[in-house]
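Chains, contacts and geometry: an overview
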Amino acid sequence: MKQMPVRQLQKSEWKSYCDRISNGLEGKRAEIEVAGLPIGDQIVAKQILIFGITYDPKDDIIEVALEGLDHIIHKPRSLAADEGAAGLANLEIVDGEGRKQIVKLMDPLMLPPPER
């Protein structure tokens, strides 16, 4: 399988990027995987409707809003977007404790162009 380009986002871009992708998530499904020591690899949400992803710079949290679940990531260290020709496939967020939180879309999201 061909590896998609991963784009590492600067913290200053997080809020606008999350807002941009949230606008296109209607009807999409996602799963969330958390990986790190000492918990290992765990799926915390599987093919659930996703409503949005937001970054709150004041409280330094990323919130992933899913049907029946608000997944909060505290003090994120990095945010990377896995974007290919078909669109956004997943986001990888490293939290304040070094765990990888992977938000995987069940089908890629075509992104609107960034606003200038």
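A brief structural summary. Once a new chain begins, its residue numbering starts again from 1 and follows that chain's sequence as written. Restriction of local features to residues with pLDDT of at least 70 applies here, the model being predicted, together with a cutoff of 80 or more for giving and counting side-chain atom pairs; totals for whole chains, interfaces and linings are based on all residues. To obtain the side-chain values, all non-hydrogen atoms of the structure were used and water was disregarded.

**Remarks on the overall build of the protein**
How we decide: Numbering of helices and strands runs from the N terminus; a helix is a DSSP stretch of H or I covering at least four residues, while a strand is a stretch of E covering at least two. Radius of gyration: over C-alpha atoms. The globule rule applied is 2.2 Å multiplied by the number of residues raised to the 0.38 power. Residue contacts are counted whenever heavy atoms from the two residues lie within 4.5 Å of one another. Accessible areas in this description were obtained via Shrake-Rupley with a 1.4 Å probe; residue shielding takes into account the shown protein chains only. When charges are tallied, Lys and Arg are placed among the positive residues and Asp and Glu among the negative ones, while His and the ends of the chain are skipped. To locate a charge, take NZ of a lysine, CZ of an arginine, CG of an aspartate or CD of a glutamate.
Each helix and strand counted, the protein has one helix and eight strands in total. Its helices and strands taken in sequence order, the protein reads β-α-β-β-β-β-β-β-β from the N to the C terminus. For 116 residues, the compact-globule estimate of 2.2 N^0.38 gives 13 Å, and the protein sits close to it at 13 Å. With respect to the three principal axes, the spread of C-alpha positions in the protein is 40 × 30 × 30 Å. Restricting to contacts in the protein with at least 6 residues of sequence separation, those with at least 24 account for 45%. Counting only carbon and sulfur atoms, one obtains 52% of the accessible surface of the protein, whose full area is about 7,000 Å². Positive and negative side-chain charges of the protein, numbering 15 and 19 respectively, have mean locations separated by a distance of 4 Å.

**Focus: helix 1 (residues 14–22)**
Our working rule: Only protein chains enter the area calculation, which uses a 1.4 Å probe; residues under 20% of their type maximum are buried, those over 50% are exposed, and those in between are partly exposed.
Along helix 1, the residues classified as buried are Trp14, Tyr17, Cys18, Arg20, Ile21 and Ser22. Of the surrounding secondary structure, the elements contacted by the buried residues of helix 1 are strand 1 (6–9), strand 3 (40–56), strand 4 (61–66), strand 6 (78–84), strand 7 (87–94) and strand 8 (100–109).

**Thoughts on the pattern of salt bridges**
To keep things clear, this is the line we draw: Whenever a carboxyl oxygen of Asp or Glu lies within 4 Å of a side-chain nitrogen of Lys or Arg, that contact is scored as a salt bridge.
A complete count under the given rule lists eight salt bridges for this structure. Where Glu83 meets Arg7, a salt bridge forms, and the shortest distance between an N and an O atom there is 3.4 Å. Pair noted here: Glu83 is in strand 6 and Arg7 is in strand 1, with a separation of 76 residues, a long-range link. For Glu83, a relative accessible area of 19% gives the class buried.

**So, the environment of Lys15**
Structurally, the position occupied by Lys15 is in helix 1. Residues Lys15 and Leu25, ten residues apart in the sequence, show an inter-C-alpha distance of 16 Å. Leaving out residues up to four positions away in the same chain, Lys15 has contacts with Tyr55 and Pro57.

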